[in-house]
Structures are given as C-alpha cells and as structure tokens.
Amino acid sequence: MSDMSVENDPAPALQAYAHPDKLVTTEWLAAHLGTEGLVVVESDEDVLLYETGHLPGAVKVDWHLELNDQLTRDYLDPAAFAAMCEAKGIGREDTIVFYGDNFNWWAAYALWVFSLFGHRDVRLLDGGRQKWVAEGRELTRERTERPRASYPVPRREDGPLRAFRDQVMAHIASGRPLVDVRSPQEYTGELTHMAAYPQEGALRGGHIPGALSKPWKSAANDDGTFKPADELAKIYRDELGLESGDDVIAYCRIGERSSHTWFVLHHLLGYPQVRNYDGSWTEWGNLVRAPIAKGSEPGGLS
C-alpha cells in the first residue's frame, strides 16, 4: 500500500473547479488502473449491475447492505466501517475513485459516507459507468481479489457534513438556504415519491418551508459528466442566489440525490459549509407536527 495519494493532474476542462483533484477523467483512470495505492469502487443504484461487468480491479460497495446499519436508520459504526474496508482491500491512505450508474448518484453517496469517516483522498470518475461504457472501455466479470488491508478504526465526524432534523428546523427558522434537489413534482407535492419508487414515499407531499428547488441532475450533462464550473456557478449562484459564505443544507428523499448536489456545491464550487440532510423527505414528510409547504414557491414558517 502506498503511503501517499496517487498523483492527479486534472485535465484542462476540470481545472476551473474549486477542487479539481476530486474528479478524474476516464482517460486518467484507464491509464492508472492497477496503480499501487489506488482503489476503484463501484457503487450502483442497481446493486446487481457490478456482476454483469465492472472496471478491471474494481471492488463493489453495496450502498444498502454495506454502508447502512441494518437495524437503525444510520450508517455503520466506525469499527464496522474499518472492517468493511479491510475486507475489500482498502487502506486508510489509499486513493479511492468511486463510480456508478445513473449519473453517479450512488457513487456520490458512497463518497459522502466515506467522507463522514474522514477518508482523505476520495474522488469521482467524471461521467461514471455511463461514460466508461459509451467510450467502449474494458469491463470484466472476473472476480476482483485484493489483499486484505489494514484500516485503523476511524472517528465518524457527522457534524461538518451531515444535518439532522432538529438542525434543519433551526436552519429554516434562521432563514439560511436549504436546497431541495428532488423533481419539481415532488417539490410541489404532486408526488410523494419519485416515479417508480412508490415504496419510498411519505405520508405528505410538498417541501420543507423555505427550501429552494433545484433538481440534482441540473448539474450534469447528458453523458453523465458534470457541467463546466461557469455553468454550475450560474445555476447555484445566479439562479438560486447562493452566496460564497452561505451555510447550505441539501436534501432529497433518502440522501442519495442530495449527495450528488453536496459534491457539486462543496467540491466543485467550493462552498465551505454544505451539509446533506440524509433523513430527507422520507423523514420530514412523516414527522408529526413538522411544517411543510406545497406548490412551486418556497413558502416559509407561519
């Protein structure tokens, strides 16, 4: 295992981002597969997709079964997280490149969870699985065998990156920005769930009072890559009115789409204080006495 991060010289198209080292291109990853100290992790919405073919040497992280505690609605405790990494051959100082299907939304979620545990060098493959396949790059069904790694039990630091419902209550009461990244129909209350996801709905439809609507996929191009920095700045700064020093919370239904927006705001645009409310609408829409707003306007607390 390497005691230093894998060097990443960002492509010119990435250099305008606040933290271009957090993204790698398909060209860069293809050239660095198998490098010591680099681990490639696939995390998909379709948890069976990895078995149909994956990047050579990539390991699978199942967002539902391996990142989440199976008895409480929370993530693994630090000891369980360390044990998972050791079993997959991931060392504490390794560079991890995450990729996945559906515009990298679950890959961004996995990256965010690893960030909760303070794993320092985490990156996304720009364009994810979609772009890799579109370019005709190699996939394999061969089982990835990595030697067991050593991963000291970390601390889990929820505070800087994660918001809980009481913090969201205080956030909206103070008038600080909250971004709802769900579809417009979920935001207005026409739908209580994403299309084709009725099992993940809530008792009430609508949005958290004061929340601004900006669907998560607004940040992506059709090929799955992120839009250029100037276009992202226009979307979030000019259209939403977010200022550089704002304390921002993003949410969706269970935290996966908002992880994607968290990555955009924090790593690509450089907003210093961005948190993901992973309880999101499946929690808020079922909370007794929690205020909600309906319709296309943000609304506010009465």
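Refer to the structure presented above.
Residues numbered from 1 in each chain as written. Predicted model: local features only at pLDDT ≥ 70, side-chain atom pairs only at ≥ 80, totals over all residues. Heavy atoms only, no water.

Asks: Would you mind going over the overall build of the protein chain with me for this structure?
Replies: Summing up its helical and strand segments, the protein chain has ten helices and nine strands in all. Relative to a compact globule of 302 residues, whose C-alpha radius of gyration would be 19 Å, the protein chain shows 19 Å and is just as compact. By principal-axis analysis of the C-alpha atoms, the protein chain measures approximately 55 × 45 × 35 Å. The burial tally for the protein chain puts 55% of its 302 residues in the buried class. Long-range pairs, those at least 24 residues apart, make up 76% of the contacts in the protein chain between residues at least 6 apart in sequence. Of the roughly 13100 Å² that the protein chain leaves accessible, carbon and sulfur atoms contribute 52%. Side-chain charges of the protein chain comprise 31 positive and 46 negative groups, with the mean position of each set lying 4 Å from the other. (Helix = DSSP H or I, 4+ residues; strand = E, 2+ residues; numbered from the N terminus. Rg over C-alpha atoms; globule rule 2.2 N^0.38 Å. Buried < 20%, exposed > 50% of the residue type's maximum accessible area, 1.4 Å probe, protein only. Contact = heavy atoms within 4.5 Å. Areas by Shrake-Rupley, 256 points an atom, 1.4 Å probe, with all protein chains shown as cover. Lys, Arg positive; Asp, Glu negative; His and termini not counted. Charge placed at Lys NZ, Arg CZ, Asp CG, Glu CD.)

Asks: In this structure, what is going on with the sheet that holds strand 4 (residues 95-99)? I would like to understand it.
Replies: Remark on secondary structure: sheet strands pair via backbone hydrogen bonds, oriented parallel or antiparallel. Overall, parallel pairing links the five strands, which are arranged 1-5-4-2-3 in an open sheet. One side of each edge strand has no neighbouring strand; the edge strands of this open sheet are strand 1 (23-24) and strand 3 (59-60). Relative to strand 5 (residues 122-125), helix 4 (residues 105-116) is tilted by about 175°, and along the sheet it contacts strand 4 and strand 5. (Pairing = 2+ DSSP bridges. Axes fitted to C-alpha atoms, helices over the stretch in contact; angles between N-to-C directions.)

Asks: Would you take a moment to explain the pairing of strand 9 (residues 273-277) for this structure?
Replies: On a regular strand, one side chain projects to one face of the sheet and the next to the other, so that they alternate. Within strand 9, four of the five residues are buried, which leaves it mostly tucked inside the rest of the structure. Pairing of strand 8 (residues 247-251) with strand 9 involves five bridges; the strand directions are parallel. In the strand pairing of strand 9, Ile-249 is matched with Arg-275.

Asks: When you look at the environment of Ala-202 in this model, what are you seeing that I'm missing?
Replies: Tracing the chain through its elements places Ala-202 in the loop between helix 7 (184-188) and strand 7 (212-213). Residue Ala-202 is classed as buried on the basis of its relative accessible area, which comes to 13%. Along the chain, Ala-202 and Gly-285 lie 83 residues apart, while their C-alpha atoms are 5.2 Å from each other. In this structure Ala-202 touches Thr-192, Trp-281, Gly-285 and Asn-286, once residues within four positions along its chain are discounted.

Asks: So what exactly am I meant to see when it comes to the pattern of salt bridges here?
Replies: A side chain with one charge can pair with a side chain of the opposite charge if their charged atoms come near. For the structure shown, the criterion picks out 25 salt bridges. Arg-182 is paired through a salt bridge with Asp-180; the nearest N and O atoms lie 2.7 Å apart. Across this residue pair, the class does not change: Arg-182 and Asp-180 are buried. (Salt bridge = Lys/Arg side-chain N within 4 Å of Asp/Glu carboxyl O.)

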